[in-house]
Amino acid sequence: MKFKLKLLDEATSTNDVLKELARLQTEEGLVVYARSQTAGRGQMGNSWEAAAGQNLTFSLLLAPVFLKADEQVWLNMAISLALRDMISSYMDSVKIKWPNDIYVDDKKIAGILIENNLQSGYIRCSIIGIGINVNQSAFGNKNATSFLLERGVPSDLMDLLSQLLENIEQRYIQLELRQHRIMQSEYLKHLYRKDLVSFFRTGDRDFKGVIRTVDEYGRLVIETAEGALNFQVKEVELLREE
Ligand code: BTN
């Protein structure tokens, strides 16, 4: 794939900028990178805060037109694995927290916001938004970490970006080859808190259980005293043990 980098000093949200560009033409491989975002978006309507110039905040346009609308789970696994591939080449204990947060031990270092544009039951294009905490050393949220905090030395943003794009390209080939089961087993190998007793919240109910797998529909499967329960994204929250 040929990547084309568009560098911006400031953007509202790189996902929004790229979405606008993709309305007319889907130029696969187009990357919009902003030194700072004024309205960075996270999952579930959250905002994504990152100090200007110290972190990677970018969006990549892909056109996985070979994926049906109900196969988005495989794209999510491919991107999560690529991001984990890159980060784990710099540090240990890098895990994927379902569905697509990247954790180092018990702290979040990167997040993904994928927005798919569908057409006739297939994906037309995907905006892959990625935020990685790199050279920032203080966070409002004590559950966050960065490359600098983990490694003790600053990292070059563009080096990390180009390495990550290579990792994404490799995982994208795996996706095109429909190596879904291989991706699923690798994803499970690195899944945060798999096979450990954890506490969860669904609606207003808290319960104890063990994460066992993520199925081919992207659902988290938790073993509980009442048997295995399946959850879609947003239906369950993993609680922190304090
Ligand atoms: C999350 O963990 O909630 C997802 C965070 C995704 C943040 C990135 S930063 C670049 C891109 N533009 C956005 O507005 N969001 C994503």
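Above: the structure in question.
Below: a short report on this structure. Here the residue numbers are simple positions, counted from 1 along each chain's written sequence. It should be noted that, the model being predicted, local features are given only for residues of pLDDT at least 70 and side-chain atom pairs only at 80 or more, the latter also being counted only at that level, while totals for whole chains, interfaces and linings use all residues. Note: side-chain values were computed over all heavy atoms of the structure, leaving out hydrogens and water.

### Structural notes on the nonpolar core
Side chains that are nonpolar tend, in soluble globular proteins, to be buried together.
Here is step 1 of the chain: Of all hydrophobic cores here, the largest spans 57 residues; its most connected members are Phe 58, Ile 79, Leu 83, Ile 87, Ile 130, Ile 132 and Phe 147.
Here is step 2 of the chain: Note on contacts: a residue pair qualifies if any of its non-hydrogen atoms lie within 4.5 Å across the two residues. Here Leu 83 is in contact with Ile 102, Ala 110, Ile 112, Ile 130, Ile 132 and Leu 164, once residues within four sequence places are set aside.
Here is step 3 of the chain: Buried residues of nine kinds, namely Ala, Val, Leu, Ile, Met, Phe, Trp, Tyr and Cys, make up a nonpolar core once their side-chain atoms join them within 4.5 Å. When a residue's accessible area, from a 1.4 Å probe over protein chains only, is under 20% of the maximum for its type it is buried; when over 50% it is exposed; and in between it is partly exposed. Listed in part, the seven residues of the second largest apolar core include Leu 18, Ala 22, Leu 61 and Ile 127.

### What to know about the environment of Arg 240
Here is step 1 of the chain: Helix numbering and strand numbering both begin at the N terminus, where a helix is a DSSP run of H or I of at least 4 residues and a strand a DSSP run of E of at least 2. Following the sequence through the fold, Arg 240 ends up in the segment after strand S12 (237-239).
Here is step 2 of the chain: Look at Arg 240 and you get partly exposed, because its relative accessible area is 42%.
Here is step 3 of the chain: Excluding residues that lie within four positions of it along the chain, Arg 240 makes contacts with Tyr 103, Asp 106, Asn 143 and Tyr 192.

### What about empty space enclosed by the protein?
Here is step 1 of the chain: The distinction between a cavity and a pocket rests on a 1 Å grid over the protein atoms alone: a 1.4 Å probe fits inside a cavity but cannot get out, while a pocket stays open yet meets protein on both sides within 12 Å along at least five of seven lines, and a residue with an atom within 4 Å of a point counts as lining. Grid points are joined across faces, edges and corners, and a volume is the space filled by probe spheres set on the points. Enumeration over the complete set of coordinates arrives at one cavity of 30 Å³ or more.
Here is step 2 of the chain: Reported here for the largest cavity is a volume of approximately 50 Å³.

### Focus on a negative patch on the surface
Here is step 1 of the chain: Patch construction takes residues with relative accessible area above 30% that form no salt bridge. Like charges are linked within 9 Å, and nonpolar side chains (Val, Leu, Ile, Met, Phe, Trp, Tyr) are linked within 5 Å. Accessible areas in this description were obtained via Shrake-Rupley with a 1.4 Å probe; residue shielding takes into account the shown protein chains only. Whenever Lys or Arg places a side-chain nitrogen within 4 Å of a carboxyl oxygen from Asp or Glu, that contact is recorded as a salt bridge. Positive charges are assigned to Lys and Arg, negative charges to Asp and Glu, while His and the chain termini are left out of the count. A charge is said to be at NZ when it belongs to Lys, at CZ for Arg, at CG for Asp and at CD for Glu. A contiguous patch of negative charge, built from Asp 92, Asp 105, Asp 106 and Glu 150, is present on the exposed surface.
Here is step 2 of the chain: Residue position: Asp 105 is located in the loop between strand S5 (101-104) and strand S6 (107-119).

### A word on the packing of aromatic side chains
Here is step 1 of the chain: For Phe, Tyr and Trp, where Trp contributes only its six-membered ring, two rings pair if their centres lie within 6.5 Å, and the inter-plane angle classes them as stacked under 30 degrees, edge-to-face over 60, or tilted in between. Summed over the entire model, instances satisfying the criterion amount to five aromatic pairs.
Here is step 2 of the chain: Ring plane angle 65 degrees and centroid distance 5.5 Å describe the contact between Tyr 90 and Phe 147, whose orientation is recorded as edge-to-face. Here Tyr 90 is found in the loop between helix H2 (72-88) and strand S4 (94-97), whereas its partner Phe 147 is found in helix H3 (residues 147-151), with 57 residues between them in sequence.
Here is step 3 of the chain: Assessed through its relative accessible area of 27%, Tyr 90 is described here as partly exposed.

### Quick notes on the layout of surface pockets
Here is step 1 of the chain: Here the largest pocket is characterised by a volume of approximately 1,200 Å³.
Here is step 2 of the chain: If you trace the largest pocket, you find 50 residues lining it, with Asn 46, Asp 101, Tyr 103, Lys 108 and Asn 143 closest to the centre.
Here is step 3 of the chain: At the level of secondary structure, the elements contributing two or more residues to the lining of the largest pocket comprise helix H1 (14-21), strand S3 (56-62), S5, S6, strand S7 (122-132) and S12.
Here is step 4 of the chain: If you tally residues by element for the lining of the largest pocket, the top one is S6, at four residues.
Here is step 5 of the chain: Residues of the lining of the largest pocket, tallied by class, amount to 20 nonpolar, 19 polar and eleven charged.
Here is step 6 of the chain: Computed from the structure, the second largest pocket encloses a volume of approximately 600 Å³.
Here is step 7 of the chain: Around the second largest pocket, the lining comprises 26 residues; the ones closest to its centre are Gln 72, Asn 76, Asn 100, Ile 114 and Val 233.
Here is step 8 of the chain: Three residue categories are used. Nonpolar comprises Ala, Val, Leu, Ile, Met, Phe, Trp, Tyr, Cys and Pro, charged comprises Asp, Glu, Lys and Arg, and polar comprises the others, including Gly. Taken together, the residues of the lining of the second largest pocket break down into 13 nonpolar, eight polar and five charged.

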